[in-house]
Amino acid sequence: MHIVAISGGLSSPSSSRTLATELLTATQSQLTAAGEEVTVELVELRDHAHAIVDNMLTGFPSGAFADVVESIRTADALIVVTPTFQAGISGLVKSFFDVIEAGTLDGLPVLMAATGGTERHSLVIEYAMRPLFAYMKARPVGTGIYAATQDFGGGEASGLRHRVERAVGELVDALRGAAPRKPAEDDFVDFETLLARR
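This report concerns the structure included in the present document. Worth saying up front: this structure is predicted, and the values here are computed from it rather than measured.

## Details of the pairing of strand S7 (residues 145-148)
Then step 1. Residues Ile145 and Ala147 point to one face of S7 and Tyr146 and Ala148 to the other, with burial holding for every one of them.
Then step 2. As judged from the four bridges shared by strand S5 (residues 109-116) and S7, these two strands associate in the parallel manner. Paired with Thr115 across the bridge in S7 is Ala147.

## Overview of the side chain of Thr104
Then step 1. Assignment of secondary structure puts Thr104 in the loop between helix H4 (91-98) and S5.
Then step 2. Assessed through its relative accessible area of 6%, Thr104 is described here as buried.
Then step 3. Within the local environment of Thr104, its side chain forms a polar contact with the backbone oxygen of Glu101, the two atoms lying 2.8 Å apart.

## So, the packing of helix H2 (residues 49-58) against H4
Then step 1. Put simply, H2 and H4 touch, their axes get as near as 9 Å, and they point 45° apart. Viewed along their axes, H2 and H4 adopt a mutual orientation that is oblique. Considering how the two elements wind past one another, H2 and H4 form a crossing that is left-handed. Where H2 abuts H4, its residues Ala49, Ile52 and Met56 lie against Leu92, Ser95, Phe96 and Asp98.

## Topic: the pattern of salt bridges
Then step 1. Within the structure shown, the criterion is met by seven salt bridges.
Then step 2. Note that Lys94 is salt-bridged to Asp98, the shortest N-O span being 2.6 Å. Residue Lys94 and its partner Asp98 are located together in helix H4, separated by four residues, close to a single helical turn.
Then step 3. Judged by its relative accessible area of 41%, Asp98 is partly exposed.

## Section: unusual backbone geometry
Then step 1. One non-glycine residue, Gln86, lies in the positive phi region at around 50°.
Then step 2. Its location among the elements puts Gln86 in the loop between strand S3 (77-85) and strand S4 (88-89).
Then step 3. Here Gln86 falls in the exposed class, since its relative accessible area comes to 69%.
Then step 4. One non-glycine residue, Ala87, lies in positive phi territory at about 65°.
Then step 5. Looking at where Ala87 falls in the secondary structure, it is placed in the loop between S3 and S4.

Cut-offs and rules
Residues numbered from 1 in each chain as written. Predicted model: local features only at pLDDT ≥ 70, side-chain atom pairs only at ≥ 80, totals over all residues. Heavy atoms only, no water. Buried < 20%, exposed > 50% of the residue type's maximum accessible area, 1.4 Å probe, protein only. Helix = DSSP H or I, 4+ residues; strand = E, 2+ residues; numbered from the N terminus. Pairing = 2+ DSSP bridges. Polar contact = N/O pair within 3.5 Å; in protein donor to acceptor, adjacent residues only side chain to side chain. Axes fitted to C-alpha atoms, helices over the stretch in contact; angles between N-to-C directions. Parallel < 35°, antiparallel > 145°, perpendicular 65-115°, else oblique. Left-handed = near helix turned anticlockwise from the far one by under 90°. Contact = heavy atoms within 4.5 Å. Salt bridge = Lys/Arg side-chain N within 4 Å of Asp/Glu carboxyl O.

Okay, structure coming up:
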């Protein structure tokens, strides 16, 4: 199985990267314990920001970003972590999913997570991320992870670990119960065929 984690953090190092790494490690650990062979990949969108904009302008990915898009297309599961920005997901994360072709995420299990300075924005997962992935026909797991600044140290860290284990368990269950996902087919229909259908 190939699991891809997307970190939408703009700073380096970022809390989004920290959470993405923790989720990826926990997923690999649970799948390995269940006897699955696993490869994992962490993609930091900040490294591909220019390529994402280029893709928006040209309509196709290029260079190393094309490899990222192909990796998403053939992944068995996706972990997406966004910083909360202006009470929503970051523009970089939204732009990334704007250039992913329709059908690419069909049936793909997705674990959604977000970070922010305060837990007041924790509903960003339900009102911004879940509708996005539902629209893209992915299969988001029930538990989303929101991590505020205090979750990364002190007494709150154990609560975050518990939520991580629960969400990862749901992702692993979705993976182990699902038939292998086929990459999205090329659904291009030429103009002549479209006219003939009229």
